[in-house]
Every structure is written in structure tokens, then in C-alpha cells.
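In case you want the letters, here they are:
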Amino acid sequence: MREYAATVLRSQAALYEQVDTHWFRILLVGSTLLVSVATVLMFAENPFYVNKDSALFQHAGWSILNGADLYVDIWDLKPPLIYFVTVVLAALSFGNMAVLHVLSVIVAVGTIVAGITLVGVLTHRLTDDGFASVVAGLTMFILTSVYSFPYAGIRPKYFVFLCGVGALLLAVDDRPFLAGAAGAAAAGFWQLGAPIALLVVGMSLQRNGFDGMWRAIGGGLTVTVLTVAPFVLQGHTIPLFVEAVLAPIYGVENYTVVSRLLMFVIQIGYGVLILPFAVYGWGQAIADDYTEYWWVAAGGVIYSYQLFLEFQGAIELVLFFVFLALGVGLLVSYGSTPSRRSVIAGCVLLLVVTSGYWNLAWVVADSPDPPLQNAVEAEHDEWEVPKYDSLPEDPEGWPSMETIYWEKLQPEQCHYRLGLKQQFFEQETGGTLYKSTCGQWPFEEPPAQWIVGSLSPF
């Protein structure tokens, strides 16, 4: 009898593993098809279109290979890891900008697919539920930017997404050093990846004690040192600090709370209705086992403030959607009946479709505007305020970022991207847009003295 029972248990375990593998295959294949097909269609609709930010990242990778110095010859407020990637892609393209763009698009698609798949894997670690894992991965597609924008080139947010989910997964798998390293990498692609790194440290402390905490910190410090070391060795520590740390702080935009909330609706569309599903999932999980799931709700709350920090497009909410997706996955796993689980999955699918219609209806010729869209946009315009009180005049005759990219120009001015934040930063610190090298310390006090004074409460 015992042998029979053992055989039955082994058979059930094998069947369970096969079912879960089946669900993961659905998620991997489905996400690959959706992102790839959408990218091909968008690319065909507008061949070799490159977003101006992507043009900067890709052009800078080529330019650095040809002797330019990041943060000195090229002004940018993003952390440096995206340029580590584009330098490699530029080398593989052998100076052909069309090839560089295609490689960047392929890498963008692969990064998004990998991130969505890891959302499913992470959900499975939390729930042991293959169906819930697929629904969590599906939730990410409510954010239409994950599949409708990779055709325009590479973006740091794609890598923040992958590294952030990877860091959380490694922390749950009790691998704190690697989790800390992945969390630091997320921050190295985008400053707002830093809360993921802090969450990972907290998770490692809770799961593995002080030993786990110090190992997570050690992993983060290792990646940080490796990232910063090239700039220290070149004597470019000050330019790195000025542009990647000070400039984002100075560049916070003016807004009203109502306008930002309406912008959230404008960017996500009907998909905003996923919020109550996710929040309910967070609540159920915390009520069931606070020590296991606290970080899911904490991460969701932290990244909800993204709306009031830096919010210029939907893709900037990608980390917020990670925690929304986990909340939805947890909600499905707590479903008491198959019908309830199916209803939740059906609602998520409906929101994916309707949010896609909200954001991509313009792709279809003569398609009517989605209901309520014009009304929401008009209301947003009523509440919107100028992003900055004043800005310096745009220099006349400077080529566009797209022209610089395709013609492989190396501008004499380091401020050739001409983003609003860099213009505002130069204005507020008494600088100028007309200079060949950037990264100068903008204050009279030396850096160390200025930093100490800024941190002092007195």
C-alpha cells in the first residue's frame, strides 16, 4: 500500500510539473509572438523610425567607440549601464547605423519577453500555481508600451524591468548576493530602479537574517563599483555625479496632482481598472502570510508614487506594473473555484484588449476614437500646468537627434539632445547650452564641501 501511495504521489508530482511547464511554455511563446508580431507590424508601418531618446543611446554607443566621453562630450541624465549595452551593439554593427538600430530593436524585444517570462516565474515561486503565473504575465500587456514601442529602439526601462524582476526572483530564491547585484544593475540603468535594490536588501534580511542582508549589500556594491570604476579611472567622477545625480533632482517637473492622475488614465486607458484587482490580491496575500508577501504590497505602494516623480510616458510605469501583475497573480491563486479564477483571467484579457484599443486605435485607418478618451484628454488640459516656469531659448539650426543618428554626426556641442531637463538644469545652475564639454561642477563650493552642506540638517 505504501509503495502504491508513493507511486501515486510521484505520478501526481510529475503531472503537476508537466502542467506548470505547459503554462510557462504558453507564457513564453505567447509573449514572444505578441511582442515580436507587434514590433514587426509597427516597424513595417514606420520603417527605421527611431525615438529621439533611443537615437541618443544608440548614437552615443557608436560615438563612444569613436573616442567620445560619456557625460563630457555627451550630456545625459541616465546612469551609465545603458551605454555599456549600446557600445557592445555598436561594435557588433561595425558602424552601420541601420544594423545598430535593428540589433537594438531585437535586444529590446528579447529583454521585454524575458522580463514578462520572469514575472510568471516569480509568481509561480509565490503561488505554486501555473495558471496564476500566466495571468500575471498577461497583466503586463495592459501596459501597451511593452509591445508597441520596442520597434523605435532601445530604452533603459526595458533593462530595468528585466533586472528588477530578476532581483526579486533571486531574493525569493534565497540568493541574496546575486539579488543585490541585479538590484544595483536596475538602478544602474535608471535611477528609479533603486527602490528595487532596497526591497531586495529588506527581503534578504527578513529571509536570511543579517548574513543575507550583508550579502545582498555586497552584491549591490560589487555592481556599483564595476559600473563607476571606468569613470573614476578616467577622472570623470564629477561629470557622472553632476549629470546622473544632480540633474535629475533639479529637473523635477511642475504638475498638479489631478493632471498626473488624468495622465495615468490617458497613458493606460481602460487598463487602470486593473488597480482594484491587484490591491485586493495584495491584501489577501498579506492577510494570509505577511512575512512572505509584505514586499509585494510595499513595492506596489512605493512605485505608485512614480506618478508624482518622473512620468512622461507609460513605459515609465513598468516597475509599478510588475507589482500590479504579482497582485493579480496572487488574487488568481486565492480563487476558491475554477469559475472565479477564469472570471479574473477573462477580465485581465479584456483589459489587455481594450487598453490596446485605447492606445493603438490610430494604427487602424478610420478607426473611431475610443469612448471617453477625448473627454479625459480635455479634462487633463484644464488641469495641466507648464512643466517649468522658464527655459532658455532653443539654439537655432541644431540638427535633430534623428539626423545626428542617421548621418553619424559628432556635434561640437555636448548638449545636442536638448531635453527640457538639461535645459532647465543649465539655466538653474548658471550654465549654458553652448559648450563643447559638459560635466563641470556648477557650484562655487568644492564637491565634498557642497555635499556635506546639502546633507547637513543645520
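Since this is a predicted model, take the numbers as computed values, not measurements.

Cut-offs and rules
- Residues numbered from 1 in each chain as written.
- Predicted model: local features only at pLDDT ≥ 70, side-chain atom pairs only at ≥ 80, totals over all residues.
- Heavy atoms only, no water.
- Disulfide = S-S within 2.5 Å.
- Helix = DSSP H or I, 4+ residues; strand = E, 2+ residues; numbered from the N terminus.
- Salt bridge = Lys/Arg side-chain N within 4 Å of Asp/Glu carboxyl O.
- Buried < 20%, exposed > 50% of the residue type's maximum accessible area, 1.4 Å probe, protein only.
- Core = buried A, V, L, I, M, F, W, Y, C linked by side-chain atoms within 4.5 Å.
- Contact = heavy atoms within 4.5 Å.

Engineer: Describe in detail the state of the cysteines, supporting the description with residues and values.
Structural biologist: Under the counting rule described, the total for this entry stands at 1 disulfide. With its sulfur 1.9 Å from that of its partner, C414 forms a disulfide with C438. Looking along the S-S bond of the C414-C438 disulfide, the torsion reads about 75 degrees, which is the right-handed sense. Of this pair, C414 sits in the loop between α17 (401-406) and α18 (420-428) while C438 sits in the loop between α18 and α19 (447-455), placing them 24 residues apart in sequence.

Engineer: An account of the pattern of salt bridges is needed here, citing residue identities and associated values.
Structural biologist: Within the structure shown, the criterion is met by 10 salt bridges. Across the pair R341 and D129 runs a salt bridge whose closest N-O atoms are separated by 2.6 Å. Of this pair, R341 sits in helix α15 (residues 338-360) while D129 sits in the loop between α4 (97-127) and α5 (130-139), and the two are 212 residues apart along the sequence. D129 matches R341 in its accessibility class, with the two residues each being buried. A salt bridge links E426 to K435; the nearest nitrogen and oxygen atoms lie 3.0 Å apart. Taken as a pair, E426 and K435 share a single burial class, namely buried.

Engineer: So what's going on with the nonpolar core? Which residues, and what values?
Structural biologist: Core analysis: the biggest nonpolar cluster contains 119 residues, and M140, F161, L168, I268, W295, F321 and F323 have the highest contact counts within it. Per-element accounting of this core gives the leading share, 13 residues, to helix α14 (residues 318-333). Among all residues touching F321, those that are not within four sequence positions of it are T139, M140, I142, L143, I268 and I274. Core analysis: the second largest hydrophobic core is formed by 11 residues, L77, V242, C414 and W441 among them.

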